[in-house]
Amino acid sequence: MQLLRTNVPSLRGTIQVPGDKSISHRAVMLGAIANGTTTIANFLAGEDCLSTIDCFRKMGVAITQNGTDVIVEGKGIEGLKEPTEILNVGNSGTTTRLLLGILAGCSFHACLIGDESIAKRPMARVTKPLAMMGARIDGRDGGNYTPLSIRGGHLQPIQYHSPVASAQVKSAILLAGLMTDGTTTVTEPVKSRDHTERMVRLFGGKVDVDALTVSVSGKQQLKGTNVYVPGDISSAAFFLVAGAIVPDSEIVLQNVGLNPTRTGILDVLQQMGADVAIENIRNEDTEPIGDIMIRTSALKATEIGGALIPRLIDEIPIIALLATQAEGTTIIKDAAELKVKETNRIDTVVSELRKLGAHIEATEDGMIIRGKTPLKADGVTVDSHGDHRIGMMLAVAACITEGTMSLNRPEAIAVSYPTFFEHLQILSEQK
Ligand code: S3P
């Protein structure tokens, strides 16, 4: 349990948020199946990405990790070794689903296990298409839940129409496709983050993208490379919202990833009237990066749905808090995917923000939030429910809350942002 700082007078200063979680996972995975050495700079040394490193070490890949510097000695597309131990994915959905894609292409047996939250997350969305390609996968509920066992190899390419807009589903199939003779194609209903596509190209591979359809041909030889991981916009989002809602604030976030499939939060801030500016955009041919400045803002409500949702899916908890401080009614819809994240984020956001007096209700596929509401706590205990993004959202909520409050299970935050509380402290000390 941790006492949170409430009623923070201002947040000022410049920080660099840690490296992007999605890109860090992919750099290790593609580095492992490439030929030669890959160096990764600004790697996210959070628990999720460390789980990915651990799984690949158990398949014979030499990986040196020194803080945010990682070196991966690639084994080539057919070089992974049958693990003698169970692969533990911890809390990480990305590790589980992308790893299943790679394991589907390997002619050996492996077992996967994760934590309590992973055991509740649906895996059929990847195990079904991978089974269509020929992988033999079993687990609880016919391979829908961990623990899972997989025996891969000898796959057939597929042309898959995914029912969900999910980069994890798309990436799992593309990674399996890289290990399969012929052309594998995935079509998604709405475009999801495209880090896998961009990174395969960075490793010298070929990926074809035609609107919502992505294709790879198999048995391409990937070449080890140098990867610089941009700051994670999903981590930056907590301080973007904090800067907008805490009085007398001005925050600069440097080196943030600005891949257009991830910048929905910036569109929403602009739509709501926030004083936000993006500067110094660079590196546009691989993963665009820039600096973002935000100041305390007068906010108005908005509607969020449709194709915007995958571009901000992980930011919805913090956007819900933002909406409590906007004039009017904010509607978030088309976001049923929130129910199968680290927690059911519709339920956890609504129940925790209500403890602070927010006017927020759950709907079938999102939430409705009425603002602007001053938040109050009288010795209230809020709970991360073991979900990093719920924990950080509540710590930001505390900054604008009158009274005292504590956070249960704050350690969940280390999954994606181990230095979160240090950064909050630095920003609250500057005048
Ligand atoms: C991720 C994709 C998203 C996102 C998750 C990371 C990725 O999940 O919520 O935090 O790295 O591919 P879905 O693919 O399930 O939407």
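Keep in mind the model is a prediction, meaning the values are calculated, not measured.

Here's the deal with the site of the ligand
Around the ligand sit Lys21, Ser22, Arg26, Thr94, Arg97, Ser166, Ala167, Gln168, Arg193, Ile313, Asp314 and Lys341, and those are all the residues in its vicinity. Contact distances for the ligand include 2.7 Å between an oxygen atom and a side-chain N or O atom of Lys341. For the ligand, the accessible surface in isolation is 390 Å², of which the surrounding protein chains cover 95%. More than half of the atoms of the ligand fall within 2 Å of the grid points belonging to the largest pocket. Elements with a contribution of two residues or more to the shell around the ligand: α1 (21–33), α3 (93–104) and α6 (167–178). Among the elements that line the shell around the ligand, the one with the most residues is α1, at three residues. Residues of the shell around the ligand, tallied by class, amount to two nonpolar, four polar and six charged. Looking at which domains feed residues into the shell around the ligand, each of domain 1 (2–18 + 230–429) and domain 2 (21–216) gives three or more.

Some words on the packing of aromatic side chains
Aromatic ring pairs are described here by two measures, namely the spacing of the ring centres and the angle between the planes. If you walk through the whole model with that rule in mind, you get five aromatic pairs. Aromatic pair Phe238 and Phe420: ring centres 6.4 Å apart, planes at 80 degrees, arrangement edge-to-face. Note that Phe238 is positioned in helix α8 (residues 233–245) and Phe420 in helix α13 (residues 420–429), a separation of 182 residues in sequence. A single burial state applies to Phe238 and to Phe420, both of which are buried. Between Tyr417 and Phe420, the aromatic rings sit 5.5 Å apart at their centres with planes inclined by 75 degrees, giving edge-to-face as the arrangement. Here a set of aromatic residues connected by ring pairs shows up, and it is made of Phe238, Phe239, Tyr417, Phe420 and Phe421.

Re empty space enclosed by the protein
For the structure shown, the criterion picks out one cavity of 30 Å³ or more. By volume, the largest cavity is sized at about 50 Å³.

Re the sheet that holds strand β3 (residues 35–41)
With mixed pairing, the four strands of this open sheet are ordered in space as β4-β5-β3-β14. Two strands in the sheet have a free side with no partner beyond their single neighbour: β4 (62–66) and β14 (226–228). Averaged over all adjacent pairs, the angle separating strand axes in this sheet is 15 degrees, with direction ignored. In this structure, β4 lies alongside strand β5 (residues 69–75), joined through five bridges in antiparallel fashion. Counterpart to Ala62 in the pairing with β5 is Glu73. Strands β3, β4, β5 and β14 of the sheet are contacted by α1, whose axis makes an angle of about 30 degrees with β5.

Overview of the sheet that holds strand β8 (residues 136–139)
Taken in spatial order, the four strands of this open sheet run β6-β7-β9-β8, and their pairing is mixed. Of all the strands in the sheet, just β6 (87–88) and β8 have a single pairing partner and so form its edges. Pairing of β8 with strand β9 (residues 145–151) involves four bridges; the strand directions are antiparallel. In the strand pairing of β9, Ile137 is matched with Ile150.

A word on the domain arrangement of the protein chain
Domain boundaries in the protein chain define domain 1 (2–18 + 230–429) and domain 2 (21–216). For domain 1 versus domain 2, the distance between C-alpha centres works out to 28 Å. At the junction of the two partners, domain 1 supplies 27 residues and domain 2 supplies 24 residues. Both faces combined, the contact of domain 1 with domain 2 buries some 2,100 Å², and carbon together with sulfur accounts for 50% of it. Between the two partners, domain 1 and domain 2, sit three salt bridges.

Focus: the layout of surface pockets
Of the voids in this model, the largest pocket is the one considered here, and its volume is about 450 Å³. Forming the boundary of the largest pocket are 29 residues, of which Ala165, Ser166, Ala167, Ile313 and Lys341 lie nearest the centre. Secondary structure elements with two or more residues in the lining of the largest pocket: α1, α3 and α6. Counted by class, the lining of the largest pocket contains nine nonpolar, seven polar and 13 charged residues.

Rules used in this analysis
Residues numbered from 1 in each chain as written. Predicted model: local features only at pLDDT ≥ 70, side-chain atom pairs only at ≥ 80, totals over all residues. Heavy atoms only, no water. Near = heavy atom within 4 Å. Polar contact = N/O pair within 3.5 Å; in protein donor to acceptor, adjacent residues only side chain to side chain. Areas by Shrake-Rupley, 256 points an atom, 1.4 Å probe, with all protein chains shown as cover. 1 Å grid on protein atoms, 1.4 Å probe; cavity = no way out; pocket = protein on both sides within 12 Å on 5 of 7 lines; lining within 4 Å. Sits in = over half its atoms within 2 Å of the grid points. Helix = DSSP H or I, 4+ residues; strand = E, 2+ residues; numbered from the N terminus. Nonpolar A, V, L, I, M, F, W, Y, C, P; charged D, E, K, R; others polar. Domains from an automatic or database assignment. Phe/Tyr/Trp six-rings, centres within 6.5 Å; stacked < 30°, edge-to-face > 60°. Buried < 20%, exposed > 50% of the residue type's maximum accessible area, 1.4 Å probe, protein only. Points joined across faces, edges and corners; volume = space filled by probe spheres on them. Pairing = 2+ DSSP bridges. Axes fitted to C-alpha atoms, helices over the stretch in contact; angles between N-to-C directions. Contact = heavy atoms within 4.5 Å. Buried area = accessible area lost by both parts, 1.4 Å probe. Salt bridge = Lys/Arg side-chain N within 4 Å of Asp/Glu carboxyl O.

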